[in-house]
Amino acid sequence: AYNGRIFKLREHVERLYDSAKGILLDIQMPQEQMEKIIVQAVAINGLHDAYVRVVVTRGFGDLGLDMRKCKKPTVIVIADKIELYPDFVYQQGMKLITSSLRRTSNQTLDPAIKSLNYLNNILARAEASRSGAQEAILLNMEGYVAECSGDNIFYLKKGVVWTPPLYAGILPGITRAAAIEILREKLRLSVREELFGVVDL
């Protein structure tokens, strides 16, 4: 959220509903109502520059794996401040490692489904922390650069910005798409979405 406006709210809510469909979860609420609840959560907390997380669970059920026993989804909207990195990182850059873990294969889980299944990312980030780094680069199963544990990767070389393509197994992120749009339209830079390895990076 920024200055009373939720950044690309409609796109985020549409992706939430698409992801829910991808895991056979019927949210049982119109998208417009979800948007109003999100805006209300930011307003109630008196925030102007905020981080918003919407969590949809299947609702009450038993300890089994049969999701049909969960009749009504639960929606939780969290609006708060978040510091992703300390200020000095934005001035001096950050230390990265290449994680020994691989990005979950798109043959195992569709990367277009945004979920809270962050265990792979959390373990990669913990590996970075143990090494004294702020972030970890995750390679896909084929050994190409995919993304970081919580960030997209872009690099600039000879006036061209490079970033992994979606078929590298990354989330088709809304913020990533916005960054590409800004790079191309506002900064007039050429952006290439192509596979590359750690050596290229």
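A quick note: this is a predicted structure, and the numbers were derived from the prediction, not measured. (Residues numbered from 1 in each chain as written. Predicted model: local features only at pLDDT ≥ 70, side-chain atom pairs only at ≥ 80, totals over all residues. Heavy atoms only, no water.)

Participant: Looking at this model, I keep getting lost on the packing of helix 1 (residues 9-22) against helix 2 (residues 31-44). Mind explaining?
Facilitator: Helix packing for two helices is described by the angle between their axes and how far apart those axes are. Interaxial distance between helix 1 and helix 2 falls to 10 Å at its minimum, and their mutual angle equals 125°. One way to sum up the angle between helix 1 and helix 2 is to call them oblique. Two packed elements cross with a definite hand, and for helix 1 against helix 2 that hand is right-handed. Taken together, the residues of helix 2 that come into contact with helix 1 (itself represented by Leu 9, Arg 10, Val 13, Glu 14, Leu 16 and Tyr 17) are Gln 31, Met 34, Glu 35, Ile 38 and Val 39. (Axes fitted to C-alpha atoms, helices over the stretch in contact; angles between N-to-C directions. Helix = DSSP H or I, 4+ residues; strand = E, 2+ residues; numbered from the N terminus. Parallel < 35°, antiparallel > 145°, perpendicular 65-115°, else oblique. Left-handed = near helix turned anticlockwise from the far one by under 90°. Contact = heavy atoms within 4.5 Å.)

Participant: Just checking my understanding: could you explain the sheet that holds strand 8 (residues 190-193) for this structure?
Facilitator: Picture the strands of a sheet paired through backbone hydrogen bonds; they go either parallel or antiparallel. Strand order in the open sheet made by the three strands is 6-7-8, with mixed pairing throughout. Each of the sheet's edge strands pairs with one partner strand only, and the pair in question is strand 6 (155-157) and strand 8. Averaged over neighbouring strand pairs, the angle between their axes works out to 30° when direction is ignored. As judged from the three bridges shared by strand 6 and strand 7 (residues 160-163), these two strands associate in the antiparallel manner. When the sheet's bridge partners are listed, Leu 156 is paired in strand 7 with Val 161. (Pairing = 2+ DSSP bridges.)

Participant: Would you explain the sheet that holds strand 4 (residues 135-139) in this entry?
Facilitator: What the three strands build is an open sheet, ordered 3-4-5; its pairing is mixed. Strands with a single pairing partner mark the edges of an open sheet, and in this sheet they are strand 3 (96-102) and strand 5 (145-148). For this sheet the average axis-to-axis angle between neighbouring strands, irrespective of direction, equals 35°. For strand 3 and strand 4, the ladder comprises four bridges, and the chain directions are parallel. Looking across to strand 4, one finds that Ile 97 is bridged to Ala 136. On the sheet, helix 4 (residues 119-130) packs against strand 3, strand 4 and strand 5 and is oriented at approximately 140° with respect to strand 3.

Participant: Would you mind going over the confidence of the model for the protein with me for this structure?
Facilitator: Any residue range with low pLDDT should be treated as having predicted coordinates unsuitable for detailed reading. Of all residues in the protein, 97% attain a pLDDT of 70 or more, and the chain-wide mean is 92. For the protein, helix 3 (residues 87-92) is the element with the lowest average pLDDT, namely 90, and strand 7 is the one with the highest, namely 98. (pLDDT = per-residue confidence, 0-100.)

Participant: Help me out: how do you make sense of the pattern of salt bridges in this one?
Facilitator: Note that side chains of opposite charge can pair when their charged atoms are close. Applying the stated criterion to the full structure yields eight salt bridges. Among the ionic pairs, Glu 147 bridges to Arg 103, the shortest N-O distance being 2.4 Å. Of this pair, Glu 147 sits in strand 5 while Arg 103 sits in the loop between strand 3 and helix 4, and the two are 44 residues apart along the sequence. The pair formed by Glu 147 and Arg 103 is uniform in burial state, with each residue classed as buried. Across the salt bridge formed by Glu 193 and Arg 176, the nearest N and O atoms sit 2.8 Å from each other. Placement of the pair is Glu 193 in strand 8 and Arg 176 in helix 5 (residues 174-186), with a sequence separation of 17 residues. Accessibility expressed as a relative area gives 31% for Glu 193, which makes it partly exposed. One connected set of salt bridges, linked through shared partners, spans Arg 176, Arg 184 and Glu 193. (Salt bridge = Lys/Arg side-chain N within 4 Å of Asp/Glu carboxyl O. Buried < 20%, exposed > 50% of the residue type's maximum accessible area, 1.4 Å probe, protein only.)

Participant: Honestly, helix 5 in this entry has me stumped. Any pointers?
Facilitator: An α-helical segment advances 3.6 residues per turn. Residues three or four places apart therefore align on the same side. Here helix 5 contains 13 residues, and its C-alpha end-to-end distance of 17 Å stays within 8% of the 18 Å for a straight helix at 1.5 Å per residue. Turning to helix 5, its buried residues are Ile 174, Arg 176, Ala 178, Ile 180 and Leu 183. Close packing links the buried residues of helix 5 with helix 1, strand 7 and strand 8. Arg 188 lies just past helix 5 and shows a positive phi near 55°. (Expected span 1.5 Å × (residues − 1).)

Participant: How do you make sense of the nonpolar core when you look at a structure like this?
Facilitator: Taken as a class, soluble globular proteins show a tendency for nonpolar side chains to be buried jointly. Listed in full, the eleven residues of the largest apolar core are Leu 9, Val 13, Leu 16, Tyr 17, Ala 20, Leu 25, Ile 27, Met 29, Met 34, Ile 38 and Val 56. Of all the elements in the fold, those that place two or more residues in this core are helix 1 and helix 2. Looking at this core element by element, the count peaks at five residues for helix 1. Setting aside its immediate chain neighbours within four residues, Ala 20 contacts Leu 25 and Ile 27. Counting residues in each nonpolar core, the second largest holds nine residues, with Ile 137, Leu 139, Val 160 and Phe 196 among its members. (Core = buried A, V, L, I, M, F, W, Y, C linked by side-chain atoms within 4.5 Å.)

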